[in-house]
Amino acid sequence: MIHQNNPTPDNQGTAQTPHGISNNRGIPETPQIAETTGVIPDPTVGRWQHREKPAATADPTAAAAPPCPTAAPTAPCPATDLAPAPSTHPTPPLLRAICDVCPRHCRLAPGQRGACFVRSCHDDGLIHCDTYGVSSGFAIDPIEKKPLNHFLPGSTALSFGTAGCNSACRFCQNWELSAARSWARLGSHASPADIASAAASRGARSVAFTYNDPIVFAEYAIDTADACRERGVHPVAVTAGYMAERAATDFYAHMDAANIDLKGFDESFYRRVTGTRLGDVLRTIEIACAAPGCWVELTTLLIPGFNDDDAQLHAECAWIRDHVGRDVPLHFSAFHPDFRMMDVPPTPPDTLTRARRIAISEGLRFVYTGNVRDAEGSTTFCPACGEALVVRDWFRVTLDRLSGGGIHGILHDSTAVQYARCPSCGEAIPGVWR
Ligand code: SF4
């Protein structure tokens, strides 16, 4: 049984009201522990982890050695040449488990927690996802709030999150969940099948993993995504994209859509303000955009004086155009003071307009503004003839000329992404429209 809570801020920082909270592939290098040990994991066992190697100075045969013969009570221990004395035999060095979900690669001994707080090493020596099956609450949101503007416009999503995060954004607008260091906010127990069923019964066409970054509960998100697909409900990820390559490849293969933060285009800014690395996020964006059947949109929260200068915006938009394509929608959203950045002013609307113009000048075809009331910045225009195709008022769709009457088809063979044609000029508008 799941209970719908009051709407919780989206983790990207998209505001529902002017004062609301803003939204803001690969060969495995190391086998999973579960595979190497033959253990059949319970659902909470981390699917991306490996055991650390013994120190280089250690005798390489020691680690693979069979148990000490002192197990046979009559044999002396060859290592010590002493009479059987199990309690004094040197204990093999403790090898920790290494989490391979995100680039932090936390090395954890039993009892230790990762930097995200919600993944820990248990007594079995394996890293578990401790928030599997528990949630901070559920809400029904318009899909535009994620934000996704080219994915089933006007539909609703059942949104949920857990706790913890692998980023450390100083401006986090969901910090009560992302920075949680207790389970106090996790009150709802729900299996993947429960969530899919709840979404379907409420008429939600999607389930959105949001509020905190689904990367830290990736096993729960993937199982829920599979359950959703079985019910005809679309799984959607809202994420900062700070993920290791193999995990990202696995994760996006299960998603139908994603909104990924591209928080800026300066490595120094990323390290200082988010505690993560731009290069890793860019790689995740490339992986997500290449994942068959996953529609991707990007969001940049513009923070005055930090990531809003012309040069950085030109560089970001040029990268998007050159690496994942000009059809990937980009959302510029407005910052408002929160968490550890209370001393930074809100983003002026003019900044969003300037950023949008720069993006269009760099060749991006679908650029939006968010967290402000901006008729032009919230409308989907035909990039060929300029016709308004989907008009929005905040998160409400007031005109949709694509979902109903457009000509639909498959954009290209390797993806389920559709296109709809502009009714005025026939231009193909990519997205998932019905
Ligand atoms: S997901 Fe958590 S435990 Fe795993 S590497 Fe990242 S911060 Fe560490």
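Located above this text is the structure these notes cover.
Residues numbered from 1 in each chain as written. Predicted model: local features only at pLDDT ≥ 70, side-chain atom pairs only at ≥ 80, totals over all residues.

Participant: Looking at this structure, how should I read the nonpolar core?
Facilitator: If you look at the biggest cluster of nonpolar residues, it comprises 112 residues, and the most contacted ones within it are Val-207, Val-236, Ala-258 and Ala-288. When residues in this core are grouped by element, the largest group, seven residues, is from helix α5 (residues 218-230). When we break this core down by domain, the ones giving at least three residues each are domain 1 (134-378) and domain 2 (391-434). (Core = buried A, V, L, I, M, F, W, Y, C linked by C-beta atoms within 7 Å. Buried ≥ 20, exposed ≤ 12 C-beta atoms within 10 Å, placed from the backbone. Helix = DSSP H or I, 4+ residues; strand = E, 2+ residues; numbered from the N terminus. Domains from an automatic or database assignment.)

Participant: Would you mind going over helix α7 (residues 267-274) with me for this structure?
Facilitator: Since the α-helix packs 3.6 residues into each turn, any two residues three or four apart lie on the same face. Taken together, the buried positions of α7 are Tyr-270, Val-273 and Thr-274. For α7, the angular spread of the buried residues around the axis is 95°, confining them to a single face. Across α7 from its buried face, at more than 90 degrees, point the exposed residues Glu-267, Ser-268, Arg-271 and Arg-272. Elements that come into contact with the buried residues of α7 comprise α8 (278-290). Directly beyond the C-terminal end of α7, a positive phi value near 70° is found at Gly-275. (Arc of directions from axis to C-beta. Contact = placed C-beta atoms within 7 Å.)

Participant: I tried to follow the sheet that holds strand β17 (residues 388-393) on my own but got confused; where do I start?
Facilitator: What holds strands together in a sheet is hydrogen bonding between their backbones, with the strands either parallel or antiparallel. Taken together, the three strands give an open sheet; going across it, the order is β16-β17-β18, and neighbouring strands pair in antiparallel fashion. Since the sheet does not close on itself, it has two edges, and those belong to β16 (380-381) and β18 (396-400), each with one partner. As paired strands, β17 and β18 are joined by four bridges and run antiparallel to one another. Paired with Asp-393 across the two strands is Arg-396, which belongs to β18. (Pairing = 2+ DSSP bridges.)

Participant: For this particular structure, what's the right way to read the sheet that holds strand β14 (residues 330-334)?
Facilitator: As summarised here, the arrangement of the eight strands in space is β7-β8-β10-β11-β12-β13-β14-β15, forming an open sheet in which the pairing is mixed. Two strands close off the open sheet at either side, each with one partner strand: β7 (137-142) and β15 (367-370). When the angles between neighbouring strand axes are averaged without regard to direction, this sheet yields 25°. Along the sheet face, helix α4 (residues 192-201) touches β8 (156-161) and β10 (206-209) and points at about 150° away from the line of β8. (Axes fitted to C-alpha atoms, helices over the stretch in contact; angles between N-to-C directions.)

Participant: Could you clarify how one ought to interpret the site of the ligand in this entry?
Facilitator: Taken together, Cys-99, Val-101, Cys-102, Arg-104, His-105, Cys-106, Gly-114, Ala-115, Cys-116, Arg-119, Asn-166 and Val-216 make up all the residues around the ligand. In terms of residue class, the shell around the ligand is built from seven nonpolar, three polar and two charged. (Near = placed C-beta within 6 Å. Nonpolar A, V, L, I, M, F, W, Y, C, P; charged D, E, K, R; others polar.)

Participant: Please explain the packing of helix α9 (residues 310-323) against helix α10 (residues 349-361) as it appears in this structure.
Facilitator: Each pair of packed helices can be summarised by the angle the axes make with each other and by the distance between the axes. Between α9 and α10, the least distance of the axes is 9 Å, while the angle of their chain directions is 40°. In this view, α9 runs oblique relative to α10, as classed from their interaxial angle. Every pair of crossing elements has a handedness; the one defined by α9 and α10 is right-handed. Only Ala-355, Ile-358 and Ala-359 of α10 make contact with α9, whose side of the interface consists of Asp-310, Leu-313, His-314 and Cys-317. (Parallel < 35°, antiparallel > 145°, perpendicular 65-115°, else oblique. Left-handed = near helix turned anticlockwise from the far one by under 90°.)

This is a description of form; function is not addressed.
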